[in-house]
Amino acid sequence: MNPSSWKRWILWAAGAYNITWGALAILFPMAFFRLAGLPDPDYPELWQCIGMIVGVYGVGYLIASTSPNRHWPIVLVGLLGKVLGPLGFAKALVEGRLPAAVGWTILTNDVIWWIPFALILKGALDSRLGQRRVLSGEVARMGLRARTQNGLTLLEMSARWPTMVVFLRHFGCPFCREALADLASQREAIERNGVRIALVHMSSEEEAAAFFRRHDLHDVARVSDPGQAVYRAFGLARGRLMRIFGPREFARGFQAAFLDRRGIAIPSSDAFQMPGVFLVFHGEVIRAFRHQSAADRPNYAELSAPVPCPETV
């Protein structure tokens, strides 16, 4: 399972719950009051209006479930409502204007969503901070000054063509070998888009030359980065254990290594370094794919789709 899948399921569940709750409030406005032992309200239309608002929030959560990090404002507004609502109930309870029996709706409508919504927002914040690191001046100062085996720096390459900088895992990793096979098969489509490929690896140049030759990528620009300085400049961190050796990673690794015959070997460099893909043009990061799991498999041809000039971004 993708590490972000639980976020989508939480938001989908929240959306389904809100829409169901709102529909019941609209269709049966007296039911809640009778279950709580309260007198029927004089204006049930007000309760139906609340049901409409709750249902609309549900639609928002369903939209947010398609991309939790992108739609974080919806999650933030929802969490604010789920925190402020119980505060209002607590005030009314202390003042004796609402009975404690009403509190069960606070648990299901609000409290149970506090932690998952907060974690979704934290993930969105971490993602945005990571993206800022990618777009920071550190990339231009350090990462793009890295020199390829052809003598050009990544910055010089990006001044001539949009350059897809592909950061690899260690050469013994089946996902690294799978990535190289994907790049070889998609290379024609990538270069048809006017994009050139540059590979960043953690091995020596001698080892890389022989390794890439076996994957028909010997003539592609490459950067040897055994100290991982370029990885850090692009904000690529070392992965947590479950992002490297989790159940999904194990299953995908078995498929790539044995069923797809990519092979596997003892790592000769950092086995926890996460990979990534960045489309760079005139020194600017135009597009990025930051692996959340070692098993993620980007579509390189799609990432190489034509881009506007940096001045219009």
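Use the structure listed above.
Given the structure is predicted, the values throughout are model-derived calculations rather than measurements. The residue numbers shown here count from 1 along each chain, following its written sequence. With the structure being a predicted model, the display of local features is reserved for residues of pLDDT at least 70 and the display and counting of side-chain atom pairs for 80 or more, all residues being used for whole-chain, interface and lining totals. With hydrogens and water stripped out, all remaining heavy atoms of the structure feed into the side-chain values.

A. Local environment of helix H13 (residues 247-259). Secondary structure elements follow DSSP: runs of H or I of four or more residues count as helices, runs of E of two or more count as strands, with numbering from the N terminus. Under the convention used throughout, the expected extent of a helix is 1.5 Å for every residue step, that is, one less than its residue count. Under the 1.5 Å per step criterion, the end-to-end length of H13 is 17 Å for 13 residues, consistent within 8% with the ideal 18 Å. Each residue gets one of three labels from its accessible area relative to the maximum for its type: buried under 20%, exposed over 50%, partly exposed in between, using a 1.4 Å probe on protein chains only. Those residues of H13 that sit buried are Glu249, Arg252, Gly253, Ala256 and Ala257. The buried residues of H13 all sit within an arc of 125 degrees when viewed along its axis, so they share a single face. When the buried face of H13 is taken as reference, the exposed residues oriented beyond 90 degrees from it are Pro247, Phe250 and Leu259. Note on contacts: a residue pair is in contact if any heavy atoms of the two residues lie within 4.5 Å. In this structure, the buried residues of H13 make contact with helix H9 (174-192) and helix H12 (241-245). After H13 finishes, the residue Arg261 shows a positive phi value of roughly 60 degrees. Of all possible arcs, the one meant is that of the directions from the helix axis to the C-beta atoms.

B. Quick look at the sheet that holds strand E2 (residues 196-201). Strands were regarded as paired on the criterion that DSSP finds at least two bridges between them. Pairing is mixed across the open sheet formed by 5 strands, whose spatial order is E3-E2-E1-E4-E5. The sheet terminates laterally at strand E3 (221-224) and strand E5 (284-290), the two strands that pair on one side only. On average, each strand axis in the sheet is tilted by 20 degrees relative to the strand beside it, whichever way the strands run. Relative to E5, strand E4 (residues 276-281) runs antiparallel, the two being bridged by 6 bridges. Bridge pairing in E5 links Gly276 to Arg290. Axis definition: a line fit to C-alpha positions, over the contact stretch in the case of helices; interaxial angles, taken between N-to-C directions, run 0 to 180 degrees. Helix-sheet contacts for H9 involve strand E1 (163-167) and E2, and the interaxial angle to E2 is about 155 degrees.

C. Seen up close, the packing of aromatic side chains. For Phe, Tyr and Trp, where Trp contributes only its six-membered ring, two rings pair if their centres lie within 6.5 Å, and the inter-plane angle classes them as stacked under 30 degrees, edge-to-face over 60, or tilted in between. For the structure on display, the rule yields 19 aromatic pairs. Taking the centre distance of 5.0 Å and the plane angle of 65 degrees together, the rings of Phe33 and Trp47 count as edge-to-face. Here Phe33, found in helix H2 (residues 31-35), pairs with Trp47, found in helix H3 (residues 44-65); they are 14 residues apart in sequence, far enough to count as distant. Both residues of the pair, Phe33 and Trp47, count as buried.

D. Spatial organisation of unusual backbone geometry. Here Arg261, not a glycine, exhibits a phi torsion of approximately 60 degrees, which is positive. Topologically, Arg261 is positioned in the loop between H13 and E4. For Arg261, a relative accessible area of 75% gives the class exposed. Even without being a glycine, His282 presents a positive backbone phi close to 50 degrees. Relative accessible area serves as the criterion here: at 43%, His282 is assigned to the partly exposed category.

Don't take any of this as a statement about function, it's just geometry.
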